[in-house]
Amino acid sequence: MTQKAKWRLAHIMATVLGAIMLGLSARHDLVLNGPDLRGPDATTSSMTGMIVGAILLVRFLSGRHRPTLYLALGFLGSGMLLGVNGYISSMPVRDTAGWTGQLGAASHIMSDLLISSAFLASWAAYRWQAALDRRIPALAQVGLLVAITALLAYLAFAVGDQFALSKAIDLLCVAIFATGLIGYGLKIASQGGTMERWLVLAGIFLIYGQVLAGIFREGASVAYVGIAELMTLGGYTAAFVGTVLSTYELFQRAEHAMQQARSRNEELQREVVLRKQAEQESRQLALVDPLTNTYNRRGFTALATHVREIARRQQRPVHILLIDLDRFKRINDTFGHTVGDQALIEFGKILTATFRKSDVVARTGGDEFCIFLAEPDEGIQTALARLRQHVDDSNEAGTHSYRLEFSVGVARAMPDDDASIHALVEMADEAMYEEKRLREGAA
């Protein structure tokens, strides 16, 4: 299953689970209370508000966006208080004690105060949170928030059973709510997403519910749902829909970001591979003769030095063979430089086939080749005999119009010798020219 499919499955499961919880809650209260719908309405709004608050709280924890925190606390608190109100408004509980009616009214008032203050605090956080953080420590801000919440709770409980005062507080909530909602809406108008737009719609529903409750406030004994309660339920439902849809969009953006990151990572990996290949080719070009595909002078010096150190640790002698093609200038003058290049390529192939992979074979000049071997004397003689045989076989094959001939000089170094690679090459060069002079004198 792809990551995108997992995100979608998680979203669908969360949506279905939330809908089932809301449906079971409403069904339970309807069966329990029969025709009395005030309790089920409040319970359904309560469940929806708490789900919205939980989603917003998770969003805050992932992004540490202070306005989202205030909205999360507002929806969570109001949802819980609506649950208290719905429980107390149910028929078995409503008339059990004198204080239950006052607590029910207080929970309703406190719920309105919390959700109204949450929108106002969210808008204020957009505008002044940075300045507030510079002047007041975070712990003091938490203490101030707790003190305000406690004051509002005391005020709601004190006036819960006083119809006129509770109606005035309802209208005060509307004013606070409207102020916060207008400021919040203007702030997110240019940069808000799906969640913000649905929260504004939810706020509008909740304001109308409070207006209707403030103007046409029903008595506490009336058990049936009115327009105010339906508007409140619509507001919480709109907030729920917005948070679910925005969570799905968040998953989509996260998946898109992950796909971009994977694509970028794959692109970087390809760049690394290409760069390593280019570096390897550059190093190879710096050490290899492009015509014969053997090492050049630089490659010969570097690798011969390395092989010599290994031979010295193993107490083995080393030899350098310096080979010069005889009468190579005649090949160029007679057949042209292209044929001369073919002769060099042919001789390079013969050298590569003759010597082992552990030996260093290099073209160090125009028609000059060097071979570095960690071999005893008898091994050198065997290798030279094999080289002459391969050259004779190539000449007798008749595949080219020239004849390959060479002179060779040998230089030897024991493990405790301090002669450099350059000095050994010069020694082999002198031996090679001595062989040439002897051969020409004999001729």
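Reading the values: the criteria
- Residues numbered from 1 in each chain as written.
- Predicted model: local features only at pLDDT ≥ 70, side-chain atom pairs only at ≥ 80, totals over all residues.
- Heavy atoms only, no water.
- Phe/Tyr/Trp six-rings, centres within 6.5 Å; stacked < 30°, edge-to-face > 60°.
- Helix = DSSP H or I, 4+ residues; strand = E, 2+ residues; numbered from the N terminus.
- Pairing = 2+ DSSP bridges.
- Axes fitted to C-alpha atoms, helices over the stretch in contact; angles between N-to-C directions.
- Contact = heavy atoms within 4.5 Å.
- Expected span 1.5 Å × (residues − 1).
- Polar contact = N/O pair within 3.5 Å; in protein donor to acceptor, adjacent residues only side chain to side chain.
- Buried < 20%, exposed > 50% of the residue type's maximum accessible area, 1.4 Å probe, protein only.
- Parallel < 35°, antiparallel > 145°, perpendicular 65-115°, else oblique.
- Nonpolar A, V, L, I, M, F, W, Y, C, P; charged D, E, K, R; others polar.

### Let's talk about the packing of aromatic side chains
Thought 1: In total, this model carries three aromatic pairs according to the counting rule given.
Thought 2: Residues F347 and F406 carry aromatic rings whose centres are separated by 6.0 Å and whose planes lie at 45° to one another, so their mutual orientation is tilted. Of the two residues, F347 sits in helix 12 (residues 337–354) while F406 sits in strand 4 (residues 406–413), which places them 59 residues apart along the sequence.
Thought 3: Chaining the aromatic ring pairs together yields one cluster made of F347, F369 and F406.

### Section: the sheet that holds strand 3 (residues 368–373)
Thought 1: The sheet built from four strands is open, its strands ordered 2-3-1-4 with antiparallel pairing. Edge positions in the sheet fall to strand 2 (360–363) and strand 4, since each of these pairs with one other strand and no more. Taking the axes of each pair of neighbouring strands and ignoring which way they run, one obtains an average angle of 15° across the sheet.
Thought 2: Two elements, strand 1 (residues 318–325) and strand 4, share eight bridges in a ladder whose sense is antiparallel. Bridge pairing in strand 4 links L325 to F406.
Thought 3: Packed onto the sheet, helix 10 (residues 297–313) meets strand 1, strand 2, strand 3 and strand 4 and runs at close to 20° relative to strand 3.
Thought 4: Helix 13 (residues 377–397) rests against strand 1, strand 3 and strand 4 of the sheet, and its axis sits at about 165° to strand 4.

### Quick look at helix 10
One full turn of an α-helix is made of 3.6 residues, so residues set three or four places apart face in the same direction.
Thought 1: The terminal C-alpha atoms of helix 10 lie 24 Å apart, and with 17 residues this matches the ideal 24 Å at 1.5 Å per residue to within 8%.
Thought 2: Residue N296 occupies the N-cap position of helix 10, its side-chain oxygen lying 3.2 Å from the main-chain nitrogen of R298.
Thought 3: A positive phi of about 55° marks Q315, the residue just after helix 10.

### A look at the side chain of N296
Thought 1: With respect to the secondary-structure elements, N296 resides in the loop between helix 9 (227–287) and helix 10.
Thought 2: Polar contacts involving the side chain of N296 include one to the main-chain amide nitrogen of G299, which spans 2.8 Å.

### Looking at unusual backbone geometry
Thought 1: For Q315, which is not glycine, the phi torsion reads 55° and is therefore positive.
Thought 2: Along the chain, the position of Q315 falls in the loop between helix 10 and strand 1.
Thought 3: Even without a glycine there, the phi angle at R327 is positive, about 50°.
Thought 4: Mapped onto the secondary structure, R327 falls in the loop between strand 1 and helix 11 (328–335).
Thought 5: A relative accessible area of 46% means that R327 is categorised as partly exposed.

### Here we look at the packing of helix 11 against helix 12
Thought 1: Packing of helix 11 against helix 12 brings their axes to within 7 Å, and their N-to-C directions diverge by 140°. Comparing their axes, helix 12 and helix 11 come out oblique. Every residue of helix 12 that contacts helix 11 at F328, I331, N332 and F335 is listed here: H337, V339, G340, A343 and L344.
Thought 2: A breakdown of the residues in the contact of helix 11 with helix 12 according to their chemical character gives six nonpolar, three polar and no charged.

### Some details on the pairing of strand 1
Side chains on a regular strand alternate between the two faces of the sheet.
Thought 1: The buried fraction of strand 1 is high, at eight of eight residues.
Thought 2: Residue alternation in strand 1 divides its side chains into two sets, V318, I320, L322 and D324 and H319, L321, I323 and L325, and both sets are buried.
Thought 3: Pairing analysis gives six bridges linking strand 1 to strand 3, with the strands arranged antiparallel. Paired with D324 across the bridge in strand 3 is E368.

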